[in-house]
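# Working through the structure, step by step
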Amino acid sequence: MEVTQVLLNAQSIDGTVRKNAEESLKQFQEQNLPGFLLSLSGELANEEKPVETRKLAGLILKNALDAKEEHRKFELVQRWLSLDGNAKSQIKAGLLKTLSSPVSDARSTASQVIAKVAGIELPHKQWPELVGSLLSNVHQLPAHAKQATLETLGYLCEEVSPDVIDQDQVNKILTAVVQGMSASEGNTDVRLAATRALYNALGFAQANFSNDMERDYLMRVVCEATLSPEVRIRQAAFECLVSISSTYYEKLAPYIQDIFNITAKAVREDEEPVALQAIEFWSSICDEEIDILEEYGGDFTGDSDIPCFYFIKQAIPALVPMLLETLLKQEEDQDQDEGAWNIAMAGGTCLGLVARTVGDDIVPLVVPFIEENVTKPDWRQREAATYAFGSILEGPSPAKLIPLVNVALNFMLSALTKDPNSHVKDTTAWTLGRIFEFLHGSAVDSPIITQANCQQIVAVLLQSMKDTPNVAEKACGALYFLAQGYEEVGPSSPLTPFFQEIVQSLLTVTHREDARESRLRTAAYETLNEVVRCSTDETAPLVLQLVPVIIMELHNTVEGQKLSSDEREKQSELQGLLCGCLQVIIQKLGSSESTKYLFLQYADQIMGLFLSVFACRSATVHEEAMLAIGALAYATGPDFAKYMPEFYRYLEMGLQNFEEYQVCAVTVGVVGDICRALEEKVVPYCDGIMTQLLKNLSSNQLHRSVKPPIFSCFGDIALAVGEYFEKYLMWAMSALQSAAELSTHTTGDDELIEYINTLRNGILEAYSGIFQGFKNSPKTQLLIPYAPHILQFLDGIYMEKDMDDVVMKTAIGVLGDLADTLGSHAASLIQQSVSSKDFLNECLSSEDVMIKESAEWAKLAISRAISV
Amino acid sequence: MAPHDIRRPFKRAAISDQQKRRELSLLRQAQNRRDAQQQARCLASSILSLQSAAPESQPEQSDIELETVPGAEKESEAFSKDLDVRQASKLRGPEVRKWFARQLMLPEWMIDVPDRLAQDWYVFARPAGKRCFVVSSNGTTVSRQRNGSILHHFPSALPAGAKIRDGSGSAQSYCILDCIFHELDQTYYVIDMVCWNGYSLYDCTAEFRFYWLNSKLEESGACNAPSHYHKFRFSAVPVYNCDQSGLHAAYTGVVPYAKDGLLFYNKHALYQTGNTPLALVWKDENCSQYVIDTDGKGEIPSQQQVVLELQDDRKLVTSDDPPVLFGCLDGDIIEKSGLHTGNLLRFAIGDGGLSFVEGKLEKADLIYLGKSNRARAFADSYSKVLFQFMVRHSPLKIDDLLASINSANDQEKTPSDIEMVG
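Residues numbered from 1 in each chain as written. Chains lettered and ligands numbered in written order. Predicted model: local features only at pLDDT ≥ 70, side-chain atom pairs only at ≥ 80, totals over all residues. Heavy atoms only, no water.

Quick look at the overall build of chain B now. Counting its secondary structure elements, chain B contains 11 helices and 17 strands. Within chain B, the proportion of its 422 residues that are buried is 51%. (Helix = DSSP H or I, 4+ residues; strand = E, 2+ residues; numbered from the N terminus. Buried < 20%, exposed > 50% of the residue type's maximum accessible area, 1.4 Å probe, protein only.)

Counting secondary structure elements, chain A contains 42 helices and zero strands. Counting all 868 residues of chain A, 57% fall into the buried class. Within chain A, contacts between residues at least 6 apart in sequence are counted, and of these 73% link residues at least 24 apart. (Contact = heavy atoms within 4.5 Å.)

Counting from both sides, the interface comprises 48 residues of chain B and, opposite them, 88 residues of chain A. Both faces combined, the contact of chain B with chain A buries some 6200 Å², and carbon together with sulfur accounts for 50% of it. The interface formed by chain B and chain A holds nine salt bridges in total. With a closest N to O distance of 2.9 Å, Arg 8 of chain B and Glu 280 of chain A form a salt bridge. At the level of elements, helix 1 (17-41), helix 2 (45-53), helix 4 (85-89) and strand 4 (140-145) of chain B are the ones that each hand at least two residues to the side of chain B that touches chain A. At 17 residues, the largest contribution of residues to the side of chain B that touches chain A is made by helix 1 of chain B. In the side of chain B that touches chain A, the residues fall into 14 nonpolar, 13 polar and 21 charged. (Buried area = accessible area lost by both parts, 1.4 Å probe. Salt bridge = Lys/Arg side-chain N within 4 Å of Asp/Glu carboxyl O. Nonpolar A, V, L, I, M, F, W, Y, C, P; charged D, E, K, R; others polar.)

Hydrogen bonds between backbone atoms are what pair the strands of a sheet, whose relative direction is either parallel or antiparallel. Residues and elements named next belong to chain B. A sheet is described by the order of its strands in space; here five strands give the open sequence 1-12-11-2-10, paired in mixed fashion. The sheet is open, and its two borders are formed by strand 1 (105-109) and strand 10 (240-241), each paired with just one other strand. Direction of pairing for strand 1 relative to strand 12 (residues 274-282): parallel, over a ladder of five bridges. By the bridge assignment for strand 12, Met 105 is matched with Gly 274. Sheet contacts for helix 7 (residues 206-220): strand 1, strand 2 (121-127) and strand 11 (259-266); angle to strand 2, the most-contacted strand, approximately 50°. Contacting strand 2, strand 10, strand 11 and strand 12, helix 8 (residues 244-252) crosses the sheet at an angle of about 150° to strand 11. (Pairing = 2+ DSSP bridges. Axes fitted to C-alpha atoms, helices over the stretch in contact; angles between N-to-C directions.)

All names here are of chain B. Looking at chain B, pLDDT values average 76 and 76% of them are 70 or higher. Low pLDDT (under 50) marks residues 165-171, which in the prediction has six contacts with non-local residues, meaning those over four places away or in another chain. On the interface metric, ipTM, the complex scores 0.74, and its pTM is 0.70. (pLDDT = per-residue confidence, 0-100.)

What follows is about a negative patch on the surface. All names here are of chain A. Side chains of Asp 291, Glu 294, Glu 295, Asp 305, Asp 749, Asp 750, Glu 751, Glu 754, Asp 804 and Asp 805 sit close together on the surface and give a patch of like negative charge. When contributions to the negative patch are tallied by element, the ones reaching two or more residues are helix 16 (272-298) and helix 37 (750-774). As for its position among the elements, Glu 754 is in helix 37. Overall, Glu 754 belongs to the exposed group, its relative accessible area being 57%. (Patch = residues over 30% accessible without salt bridge, like charges linked within 9 Å, V, L, I, M, F, W, Y side chains within 5 Å. Areas by Shrake-Rupley, 256 points an atom, 1.4 Å probe, with all protein chains shown as cover. Lys, Arg positive; Asp, Glu negative; His and termini not counted. Charge placed at Lys NZ, Arg CZ, Asp CG, Glu CD.)

Turning our eyes to something else, we now look at the sheet that holds strand 16 (residues 344-357) of chain B. Residues and elements named next belong to chain B. Here five strands make up an open sheet; going across it, the order is 15-14-13-16-17 and the pairing antiparallel. Every interior strand has two partners, whereas the edge strands, strand 15 (325-328) and strand 17 (360-371), have only one. Geometrically, the sheet is characterised by an average inter-axis angle of 45° between neighbouring strands, direction not taken into account. As paired elements, strand 14 (residues 315-317) and strand 15 share three bridges and run antiparallel to each other. Counterpart to Val 317 in the pairing with strand 15 is Leu 325. Of the strands in this sheet, strand 13 (305-310), strand 15, strand 16 and strand 17 are in contact with helix 10 (residues 382-393), which crosses strand 16 at around 65°.

If a probe the size of a water molecule is rolled over the atoms, the empty space left behind becomes visible. Counted under the stated rule, the structure contains eight cavities of 30 Å³ or more. Roughly 70 Å³ of volume is contained in the largest cavity. Each residue belonging to the lining of the largest cavity can be placed in one class, and the counts come to six nonpolar, five polar and no charged. (1 Å grid on protein atoms, 1.4 Å probe; cavity = no way out; pocket = protein on both sides within 12 Å on 5 of 7 lines; lining within 4 Å. Points joined across faces, edges and corners; volume = space filled by probe spheres on them.)

To continue, consider the packing of aromatic side chains. Residue and element names in this part refer to chain A. Throughout the structure, instances matching the rule amount to 38 aromatic pairs over all chains. Geometrically, the ring pair formed by Tyr 480 and Phe 481 is edge-to-face, given 5.3 Å between the ring centres and 70° between the ring planes. Pair check on accessibility: Tyr 480 and Phe 481 agree, each one buried. The ring centre of Tyr 798 lies 3.7 Å from the NZ or CZ of Lys 801, which sits over that ring. (Phe/Tyr/Trp six-rings, centres within 6.5 Å; stacked < 30°, edge-to-face > 60°. Lys NZ or Arg CZ within 6 Å of the ring centre and 35° of its normal.)

Here you go:
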């Protein structure tokens with residue numbers, strides 16, 4: 001088939017032409033996939049063809065190999081692997097040939113497609129000759145082909161994981177890349193491509209970085225590249241340094257002084273994109289050291305894998321002045337621009353990280369700068385001084401900071417209302433928020449907020465909420481932390497006298513015309529939520545009064561009207577904020593019996609509104625409304641049954657929402673709430689729910705994080721409906737069993753182990769719920785056949801020695817539940833299990849109260865089962 | 001390959017409020033799940049196992065003479081039977097609630113004034129709040145409400161109530177306190193002491209228990225302000241001899257908590273679980289916000305409502321032992337509403353009211369309303385129904401109580417033996 005014309009048509013401005021072309025491409029693909037892919041690669045390789053069709057051909061080819069969604073990606077990989085070998089060879093040959101095309105777009109597209117093919121084939125030990133053939137004559141290539149080859153290597157390293165390329169090939173890749181970067185390479189494009197390729201190849205260079213000579217060489221080449229006359233090369237070289245700072249932190253000591261000199265020069269003199277990367281290097285070092293020091297703190301033995309070299313602590317005498325200089329380079333209006341990122345912002349952010357890394361030591365280095373600049377007539381100086389102050393509030397000890405804050409607080413409060421510059425006010429409000437976040441609350445010994453200044457602080461913040469949107473948003477943020485600090489204040493809160501006024505002011509903010517700017521409306525509702533969360537019994541009547549107000553607001557959003565897609569998005573966002581606010585109120589008022597009864601008079605009305613919010617959409621449910629319904633079910637208890645007939649279909653819709661897996665997860669949680677609220681009244685809905693949950697488990701489209709809560713939910717259902725669960729027992733047990741087998745042994749990184757533990761916990765919670773649900777029922781014997789496997793699972797995870805405390809507690813509880821429900825039927829099985837001895841003893845002597853409590857329960861239940 | 005974005009969050013909190021809401025929801029759900037499972041397991045293991053161990057542990061304070069009362073032995077036998085681990089742990093749902101409710105001493109309502117009020121009774125103002133059992137053992141403290149659900153799990157200065165104590169925290173060391181948790185000042189008001197530092201006070205008289213409570217609680221540091229190892233303050237309530245000045249003090253005296261009526265404890269009574277006429281509660285509008293029962297919505301229904309248990313032979317009875325018969329339910333209603341023996345049913349008392357012959361209930365005008373809230377573990381007691389009836393028609397007033405004390409003063413003293421109903 002002649003694809004050129006079709007590809008041209010596919011880019012036509014005429015919609016009909018375009019649509020037809022897309023349709024025929026689709027047909028071609030469906031009828032003859034190898035032919036289709038082959039003609040695309042032919043098009044890409046053909047120098048006679050127009051550049052647009054060559055590019056599009058490459059792009060379609062690339063999309064036939066990879067997709068964002070995991071399951072789709074998996075399908076495409078399988079499809080490629082099963083494709084006719086002959087066709088694949090031809091396609092790959094065409095792609096490699098394109099790398100030497102004089103047309104740069106064609107080369108660049110081909111290098112990306114090659115990397116995609118390699119990403120599929122190399123892990124399957126296919127296309128082993130790829131790296132060799134790319135590198136075979138790289139020195140003899142003309143510059144444009146060399147550049148394309150290096151670019152391909154870069155993409156390749158980005159695409160495949162280091163373990164599929166052997167060290168010999170890694171060495172060859174690095175050699176070619178480093179040669180391409182070196183000053184002896186005359187062509188700028190080649191040097192740039194090589195530098196960018198190195199960025200991706202760094203992850204492969206573990207062995208090379210362990211070899212002193214090779215590391216010295218690599219570092220020298222990178223550092224030299226930071227001095228290149230070409231700005232893009234300098235930028236790419238600094239990107240390499242940033243990447244090295246996190247990947248090879250522990251190897252940096254010999255180079256850190258030189259790197260400081262290079263970065264300092266770049267920050268002060270170079271163009272912004274380069275300077276930003278240079279600052280990022282230090283931010284990245286801070287990230288590393290904060291992590292290491294945190295690990296030190298959490299572990300008394302102090303034997304972290306990576307030692308801390310205290311680079312930042314040593315660098316601060318020079319680093320801090322350099323960062324303070326950057327603060328003075330603000331852009332006008334950066335606070336109104338959501339996307340802004342400039343040297344002052346990067347410098348300030350880095351200063352904050354430095355403060356978290358070194359703690360008290362930063363204070364004397366920053367205070368003179370603040371004192372010198374904070375009263376200057378130039379707004380840049382006042383803003384920089386304030387920003388510096390705000391940046392160092394997290395890290396140093398309260399003892400060091402509180403005296404400063406006590407001096408500064410009044411000045412800040414007056415600047416917030418009186419400073420003529422909006423930028424200064426924005427930063428001042430932010431700084432006040434940081435003061436309240438880190439230095440106000442029950443954990444701080446000497447309070448900075450007293451009876452004497454509390455009223456003034458509230459008054460200033462409320463006034464500031466009338467300022468420009470960005471300033472008002474920061475004022476809301478400050479109020480958020482002010483309220484949070486009083487969370488555990490006891491029965492009486494200092495905010496009580498102002499509660500009404502605060503709530504009123506926040507509601508006024510939400511109605512501002514410009515409330516959508518600077519996420520002001522969101523901030524106002526979030527602050528309202530925190531004020532409600534942290535309120536005390538004294539103000540419970542006022543929180544109750546808020547209910548009809550929010551109900552009315554939400555009601556206004558569901559009034560039927562035709563909406564444009566932009567309006568629909570606004571509506572949905574506002575509904576989310578209001579449902580979130582109601583959720584917080586429900587949870588607050590529902591937590592005490594007296595307020596709960598008063599609140600429940602609104603339950604019908606609120607539930608009606610949630611259903612209307614759902615009805616605003618066609619295929620998805622609103623996550624915030626779903627979360628709020630969970631809280632409502634908990635508050636209403638069995639009375640929630642009356643909402644079920646109408647609510648059920650949305651529940652089902654939520655469970656089916658694979659794309660927005662958060663929604664699915666939230667809905668699964670709500671099923672649990674409903675089970676606990678309705679107990680056996682949930683029976684009529686169980687068929688539908690269980691069917692959907694089982695379907696979800698067997699789907700490979702669903703995000704894995706939703707699976708553990710689904711298992712826990714089995715437990716919730718079983719506990720609620722008791723022996724009625726019999727219908728689902730076989731299916732549930734079989735799903736549990738296969739998941740249990742998968743999760744017994746773990747190999748992988750921390751993240752995977754964490755996930756496996758979450759999965760285990762879900763499985764175990766399911767077993768607990770099922771055993772407890774069947775207790776004392778004549779159908780208990782149905783569970784006996786499953787006991788050996790469950791005990792085997794408990795023994796298995798015990799032997800693995802990698803379960804966390806939560807799993808331990810749940811696991812030992814399951815042992816108790818099994819003994820409790822099966823009694824003498826399981827006595828001999830239990831006695832044979834490792835869990836009933838070593839594991840139980842380990843739990844009995846645990847420091848963790850919850851584990852101990854569960855273990856004591858298990859011990860009791862086992863002794864009973866065995867004695868009978 | 002384009003340059004890599006290095007933008008970091010600027011002037012932003014690390015966590016969004018939505019994420020916080022999600023996490024708090026998950027936390028609540030996990031907590032609720034734990035509660036549901038523990039309730040199913042009847043995981044009062046601290047109470048369960050401690051009780052079974054209690055009889056073996058000899059009182060350490062042997063120098064103290066205990067006033068034992070006839071019937072004590074029988075009483076403790078019955079008690080240990082109640083606490084049989086095997087029975088208790090097999091319970092589910094409402095059974096758990098009943099079991100827990102049975103572990104507390106429940107006062108009857110004062111429907112007439114007992115004799116010798118001034119000599120044999122204590123009086124104190126009852127704090128308004130959640131009645132709960134507080135158990136400290138093994139370095140932690142747990143409070144459980146009447147329905148068995150955990151109210152708090154926390155460290156406290158009670159013996160064995162937090163991890164920091166040593167020595168005294170032996171395996172036998174534990175405490176069980178009968179408390180009311182007062183929300184407003186977040187304080188546990190201790191109204192009775194059941195076990196202290198491994199020493200059981202079940203078989204001790206109220207006189208001794210209150211004496212012990214007042215001296216030991218203060219000593220332990222449990223009355224101190226909350227701190228890291230002592231999350232909630234405990235406080236004793238002022239207890240008075242029920243003479244004229246004592247009653248007056250309890251009725252009008254200023255206390256740091258909201259009052260919910262007055263409690264009268266017979267000085268010689270042991271700690272008896274379940275309903276007992278040796279502890280009485282009385283209230284009027286001056287000393288309680290909740291004199292007349294409200295319905296689920298917090299409103300006072302126009303007609304008095306009662307909850308009765310349906311028995312095999314369609315009889316409707318109270319929760320007393322032996323139960324008091326209030327009437328029979330129409331077979332039609334049973335059929336139509338699908339009712340079973342043991343169901344708790346809600347009735348209104350109609351205009352016919354309650355009629356008595358020789359002090360005994362003869363007839364009640366009952367109007368069937370429906371099944372009661374499932375959280376209920378018991379039917380109403382006879383004394384409660386009667387007290388509520390009286391409140392609506394001819395309440396027992398504080399003056400009646402004072403008058404009774406005065407008239408008793410005038411009279412010759414009656415023999416001092418008190419028959420234990422135990």
